[in-house]
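# Breakdown of the fold
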Amino acid sequence: MSNNTLKVALVQHSNSADLQNNLDKSIAGIRDAAAQGAKLVVLQELHRSLYFCQTEDTDLFDLAETIPGPSTDLFCQLAKELNLVIVASLFEKRATGLYHNTAVVFEADGSIAGKYRKMHIPDDPGFYEKFYFTPGDMGFTPIQTSVGKLGVLVCWDQWFPEGARLMAMAGADMLIYPTAIGWDPRDDKDEQIRQRDAWMIAQRAHAVSNGLPVLSVNRVGHETDPSAQSEGIQFWGNSFVAGPQGELLAHASESEEQLLVVELDQSRSESVRRIWPYLRDRRIEHYQDLCKIYRD
């Protein structure tokens, strides 16, 4: 492997109410990735548990944990043992009554390189995240690691070009999106295809607009709605890695658990940005209105 390449891996799996089984799947994926030479492994959003935001239930705050805490201790040890960088996703208890949806980056030496608290928080039927998560207060700052500056964002962030742009403007070498997104089983097939395609197009566009690779990892499988108010969520998988022109380098199954391993050519961003120098041509003196909610 040359100095300009980096082998990355995405761990896509289903989840159950058995926390230990979920953890075992994540760890098995990381170990498999390491055996294949990966130096960066990304886990899906909230990989420790079921996607609990389908309902509003105060008992579910028991799932939250501190950072550092038991999960971070485990992933620190694993990163050091396998000599790789891990991006994990945790339900962070910052204080009593204050919780975040937080991605944590573990360095290959067993330290915590940094964390990112999810900024954009959805509140839709089946995705009641505003009940559980306080919006992040750390801004959009890439996390420096031995494999580069990682522009880590989380799920709902992937629909907002502003977050991707700000990460790129701060020198991110790639954009990373741990995700938990799926269909309402009542939607017809055409609507499901439109939603999935929009999800992929939006993120591939971030790759194009910023000349950076995008790593997006989602879960699979059906998870029931504990309140029985809906038919639950069918998570649509489709984890993927896109190159700096939005090209698909790897694409996972829609329904099966899968480990994606792909080699990134890190010199591609340099050459693409020379051809398409969007940062050069930005007209920032005319963008002030972007700081308004709406131009009334």
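As shown above, the structure is provided for reference.
The shown structure was predicted, so the numbers you read here are calculated from the model rather than taken from an experiment. (Residues numbered from 1 in each chain as written. Predicted model: local features only at pLDDT ≥ 70, side-chain atom pairs only at ≥ 80, totals over all residues. Heavy atoms only, no water.)

On to the sheet that holds strand β13 (residues 220-223). Read from one edge to the other, the open sheet built from three strands follows the order β11-β14-β13, with strand pairing classed as antiparallel. Unpaired on one side and paired on the other, β11 (182-183) and β13 mark the two borders of the sheet. (Pairing = 2+ DSSP bridges. Helix = DSSP H or I, 4+ residues; strand = E, 2+ residues; numbered from the N terminus.)

Once that is clear, we can look at the nonpolar core. Ranked by internal contacts, the top residues of the largest apolar core, which has 44 residues, are Leu40, Leu150, Ile176 and Leu215. If one sorts the elements of this core by residue count, strand β10 (residues 174-178) sits on top with four residues. The contact partners of Ile176, leaving out residues within four places of it in the chain, are Leu40, Val42, Val87, Leu150, Gly151, Val152, Leu153 and Leu215. (Core = buried A, V, L, I, M, F, W, Y, C linked by side-chain atoms within 4.5 Å. Buried < 20%, exposed > 50% of the residue type's maximum accessible area, 1.4 Å probe, protein only. Contact = heavy atoms within 4.5 Å.)

Attention now goes to the pairing of strand β5 (residues 112-117). In the sheet, strand β4 (residues 98-106) pairs with β5 via five bridges, with the strands oriented antiparallel. Bridge pairing links Ala103 to Tyr116 in β5. Count of turn residues in the β4/β5 antiparallel hairpin: five residues, of which Gly110 carries a positive phi of about 90°.

Okay, the sheet that holds β10 next. Read from one edge of the open sheet, six strands run β8-β9-β10-β12-β15-β16, paired in mixed fashion. Edge positions in the sheet fall to β8 (143-145) and β16 (248-251), since each has one partner strand and no second. Recorded for the sheet is a direction-independent mean angle of 20° between the axes of neighbouring strands. Across three bridges, the pairing between strand β9 (residues 148-152) and β10 is parallel. Within β10, the residue paired with Leu150 across the bridge is Met174. Packed onto the sheet, helix α4 (residues 189-210) meets β10, β12 (214-217), β15 (240-242) and β16 and runs at close to 30° relative to β15. (Axes fitted to C-alpha atoms, helices over the stretch in contact; angles between N-to-C directions.)

All told, the structure shown has 21 salt bridges when counted by the stated rule. With a shortest N-O distance of 3.0 Å, Lys118 and Glu45 are connected by a salt bridge. Pair noted here: Lys118 is in the loop between β5 and β6 (123-124) and Glu45 is in the loop between β2 (40-43) and α2 (70-82), with a separation of 73 residues, a long-range link. You can call Lys118 buried: its relative accessible area is 1%. (Salt bridge = Lys/Arg side-chain N within 4 Å of Asp/Glu carboxyl O.)

On the surface, Leu166, Met169 and Leu279 cluster together to form a nonpolar patch covering roughly 260 Å² of accessible area. Relative to the helices and strands, Leu166 is located in helix α3 (residues 161-169). What makes Leu166 partly exposed here is its relative accessible area of 38%. (Patch = residues over 30% accessible without salt bridge, like charges linked within 9 Å, V, L, I, M, F, W, Y side chains within 5 Å. Areas by Shrake-Rupley, 256 points an atom, 1.4 Å probe, with all protein chains shown as cover.)

Relative to β16, β15 runs antiparallel, the two sharing three bridges. Note that in β16 the partner of Ala242 across the bridge is Leu248. Counting the residues that bridge the hairpin from β15 to β16 gives five residues, and of these Gly246 lies at a positive phi of roughly 80°.

Scanning the model with the defined rule gives 21 aromatic pairs in all. Pairing Phe61 with Phe91 gives two aromatic rings, centres 6.1 Å apart and planes at 40°, and the pair type is tilted. One end of the pair, Phe61, is in the loop between β2 and α2; the other, Phe91, is in strand β3 (residues 85-95), with 30 residues separating them in the sequence. Accessibility classification places Phe61 together with Phe91 in one group, the buried group. Here Phe61 and Phe131 contribute two aromatic rings whose centre-to-centre distance is 5.8 Å and whose plane-to-plane angle is 40°, an arrangement assigned as tilted. Remark: Phe131 occurs in the loop between β7 (127-128) and β8 and Phe61 occurs in the loop between β2 and α2; sequence separation between them is 70 residues. For Phe61, a relative accessible area of 16% puts it in the buried group. A residue is classified by how much of its surface remains accessible, and Phe131, at 31% relative accessible area, is partly exposed. (Phe/Tyr/Trp six-rings, centres within 6.5 Å; stacked < 30°, edge-to-face > 60°.)

Any functional reading would require information beyond the geometric quantities listed.
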